[in-house]
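# Per-entry structural report
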Amino acid sequence: MASYTQVLVGTDGSESSFRAVDRAALIAHDAGATLHLVSAYRPLTPRDRERAAAEIGEIAYRVAGSGPADDALTAAADRAGKVGATDIQKHAIEGDPVDVLLDAAGTVHADLLVVGNRGLNSLAGRLLGSVPQNVSHKAPCDVLIVHTTG
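Residues numbered from 1 in each chain as written. Predicted model: local features only at pLDDT ≥ 70, side-chain atom pairs only at ≥ 80, totals over all residues. Heavy atoms only, no water.

The next point concerns the nonpolar core. A general tendency of soluble globular proteins is for nonpolar side chains to be buried together. Core analysis: the largest hydrophobic core is formed by 19 residues, its most contacted members being Val7, Val9, Val21, Leu35, Leu37 and Val114. Listing elements by their share of this core, those giving two or more residues are strand S1 (6–10), helix H1 (15–31), strand S2 (34–41), helix H3 (67–83) and strand S4 (112–116). For this core, the element with the most residues is H1, which contributes six residues. Apart from residues lying up to four places away in sequence, leucine 37 is in contact with Val9, Val21, Leu73, Ala76, Ala77, Ile88, Gln89, Lys90 and His91. Core analysis: the next-biggest nonpolar cluster, separate from the first, contains 14 residues, Leu8, Val98, Ala104 and Ala110 among them. (Core = buried A, V, L, I, M, F, W, Y, C linked by side-chain atoms within 4.5 Å. Buried < 20%, exposed > 50% of the residue type's maximum accessible area, 1.4 Å probe, protein only. Helix = DSSP H or I, 4+ residues; strand = E, 2+ residues; numbered from the N terminus. Contact = heavy atoms within 4.5 Å.)

Among the eight residues of S2, seven are classified as buried, and the element is accordingly described as predominantly covered. At this point the chain moves from S1, through H1, to the parallel S2, and the crossover so formed is right-handed. Pairing geometry for S2 and strand S3 (residues 88–94), over seven bridges, is parallel. The residue bridging serine 39 from the neighbouring strand is alanine 92, located in S3. (Right-handed = clockwise from strand over helix to strand, strands pointing away. Pairing = 2+ DSSP bridges.)

Dropping the structure here:
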């Protein structure tokens with residue numbers, strides 16, 4: 001069996017998701033694979049944008065659009081580099097996290113998709129389906145669900 005060449009990992013900037021990034025980076029390093037860091041975001045509504053501008057003024061642009069996702073990706077890339085990943089690509093993509101991860105996996109021809117297990121045991125996760133659960137059922141490639149919660 002050939003090793004992985006395209007490893008994709010989702011991150012939302014949380015410490016839990018960074019644990020999945022660390023594992024994916026280690027795998028990418030060991031396999032000599034490209035590591036794709038993906039963060040999904042939703043745009044602010046006009047009302048939320050006005051509220052942010054009123055509360056935080058001229059730096060409101062930092063919470064609009066892909067700003068927070070870009071920040072999460074920058075932090076994740078830094079961590080991945082420290083673990084040893086060298087070929088790192090960042091993707092901030094608008095949309096629902098599950099759809100974004102699945103679409104990105106197809107687009108980059110990922111052969112491994114890595115996600116954290118956060119939320120698997122929550123009531124919302126059981127009723128609505130969690131990101132790891134939905135991704136594992138629909139992914140076009142291998143899926144690694146990293147134990148990221150205590």
